[in-house]
Amino acid sequence: MIRTAFRTRLPALLPLLLLGASHAQQSAPATMVARTAGVYPAAAAPGETAWIFGLNGVPAEGKLSVGGQTTGYRLDRPSGWLAFQVPQAAAGGPQALTLRGAPQNLRLNVLTVPPGTDALVYVRPDAAKTVQAEYTRRLQALSGTCAKSCPAEVQTVLKSLGAQPSPALTPITSPVKGQGVTPGLAARITVTPTVRAPLINLNTLKATNLTQLLNPAVRPAAAPTDSICSALAGTVPTAGLPLGQVLTLLELIFAGDLQTDPVRVGWPNQAKEPPHAKTPPATVLGRLLNFKGGSGKGVTIHVLDTASATEDPFTYSGEYYNVPFTDRPHHGRAIGEIAQAVAPGAAVQYRQVCEKDGTCSTLTTVQALCAVATEARRGGRHVVNLSVGGPNPTRGLELALREIAALGVPTAASYGNRDDCARLVAGDRCNHYPADWTRTFEFGPAVNLASRSLRPTMLLSVAGWDIAGGQLATYNRGVGNPGLLSEAPSVQAPGEFWLGGYPYFGTSFAAPVVSGVLANWMSCQPGVPLLPLITTPGQPPLAPNVVNACP
């Protein structure tokens, strides 16, 4: 991710958790309200309209908060829903909705994506014919049931979507037959499958209004879906329609057969006299971590970033320790060079998932991870470096990361930089995915270390360690932003290096240090190491027995 650690605009992985429906009675206890109230759509961009449904007993108009941002709401009388506009300054990603008399579990995924971003759909292979044959008819059927009971804006969106042809679908990856997992490579990690809701059909849509359809009580979990890498993908033009509504409506009418994401997922991430100026990375790490040199032989480090095998068109201008610089070349290429300085014997493979302007494609990132999964099934040892990210939890990205984790492939992801939280206020949640999934990728028995119970993870969230101050760097996400809510990183690593006369700094450049350490470990040790978050000032952030694990 390029913003100081290149922000990969990974808007694609939206876990659109649809929170309940049906109306609560005014006299019902709070627990009943919490089960029935919900938010539509599950995701919305700043400036767009969203609604809370299933609430009675609250004033017809007033104020509510989206994270730490306040906005007004009013009752939409035809539907009985409370309408509000998402604040322009709302923080990206899942944010709490706070309203007196409402349950505390209401969440809205705030989409911080460029205007005109289209919808990306993933379709089960066995459902592709159904989706294409019934796409228009299902939208029109739901539009008919919504004619008198839905807000006017929702009716308009349904009519506009129903006038479009069904999306063209192509496989995310070509099927590969006869491949098994090489013995010893599979990680002991629980891969939580996406679940499939009961089939929705035209009769259901003709007999059910939108509020009933949103109710999770009528959409219980069913069979697990197939691998994300076996899915078909397509793009639905939003044509000026609110993206969050498009995403939510398509998932509703096709239940577990179809999932959605924005087509853009994130961006790359990027803080006196600079320390260790123009010193090679391996020398800096030798001084800071007592790094004695590594190998990484037999391991491939996959850098999913701005660089391809032949070029890296990205440039960046900024300031480092009050020293300005312009048109600093590369992002992904620099990450690969840092990883190889740590693990010189490892092979570095570049996969370009981000454009030269720093925006990253959701689908291209998913396809790149599926390509890594294919290589892992053929054998060998592999590590993924993702120095990209964004505030939205794109669903395709999470599923693809779980795909490679189950094959024994760990990922080092940049934690995100302070500018990710710029202009946010107390009460906002400053999100950065995929790093913020780190704890859901933990596996194996817990290890007691310094009165803490820790477990290894297949997805490491890497924060930057200040090489001059010997502590958590001030450029990290959330540092110096009192009142902001943020997930903690899982590990720290030095994140400031000089390459070709230019400074590279930020969590983007801490991640490849960990990628290199993982490659070194995997070249001579089984599994992945436990890398705890060491925060003692002056103490190296990575344990010597892990950094120098191989002879």
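Going by the structure above, here's the rest.
Residues numbered from 1 in each chain as written. Predicted model: local features only at pLDDT ≥ 70, side-chain atom pairs only at ≥ 80, totals over all residues. Heavy atoms only, no water.

S.K.: Any chance you could explain the pairing of strand β12 (residues 232-236) here in plain terms?
M.R.: For a regular strand, side chains alternate in direction, first toward one face of the sheet and then toward the other. Judged by how many residues are buried, β12 sits mostly within the fold: four of five residues are covered. Note that strand β10 (residues 119-123) and β12 share five bridges and pair antiparallel. When the bridges of β12 are listed, Ala 119 appears paired with Val 236. With two bridges connecting them, strand β11 (residues 170-171) and β12 associate as antiparallel partners. Bridge pairing in β12 places Thr 170 opposite Ala 233. (Buried < 20%, exposed > 50% of the residue type's maximum accessible area, 1.4 Å probe, protein only. Helix = DSSP H or I, 4+ residues; strand = E, 2+ residues; numbered from the N terminus. Pairing = 2+ DSSP bridges.)

S.K.: Help me understand the state of the cysteines in this model?
M.R.: By definition, a disulfide is the covalent link that joins the sulfur atoms of two cysteine residues. Considering all chains together, one arrives at five disulfides under this definition. There is a disulfide in this structure between Cys 229 and Cys 370, and the S-S distance comes to 2.0 Å. Measuring the twist about the S-S bond at about -90°, one finds the Cys 229-Cys 370 disulfide to be left-handed. For Cys 370, a relative accessible area of 1% gives the class buried. Each sulfur in the disulfide pair Cys 421 and Cys 430 lies 2.2 Å from the other. Its S-S torsion of approximately -90° makes the covalent link between Cys 421 and Cys 430 left-handed. With a relative accessible area of 2%, Cys 430 lands in the buried category. (Disulfide = S-S within 2.5 Å.)

S.K.: What am I meant to see in the nonpolar core here?
M.R.: Here is a general trend for soluble globular proteins: nonpolar side chains tend to be buried in one another's company. Counting residues in hydrophobic clusters, the biggest one holds 45 residues, and the most contacted among them are Tyr 40, Leu 161, Leu 210 and Leu 250. Take this core: its biggest share by element is eight residues, from helix α6 (residues 243-254). Residues in contact with Tyr 40, not counting those within four places in the same chain, are Ala 50, Trp 51, Phe 53, Trp 81, Val 154, Leu 210, Leu 214, Gln 245, Thr 248 and Leu 249. Among the nonpolar cores identified, the runner-up in size contains 43 residues, and Leu 285, Tyr 350, Ile 467 and Ala 549 belong to it. (Core = buried A, V, L, I, M, F, W, Y, C linked by side-chain atoms within 4.5 Å. Contact = heavy atoms within 4.5 Å.)

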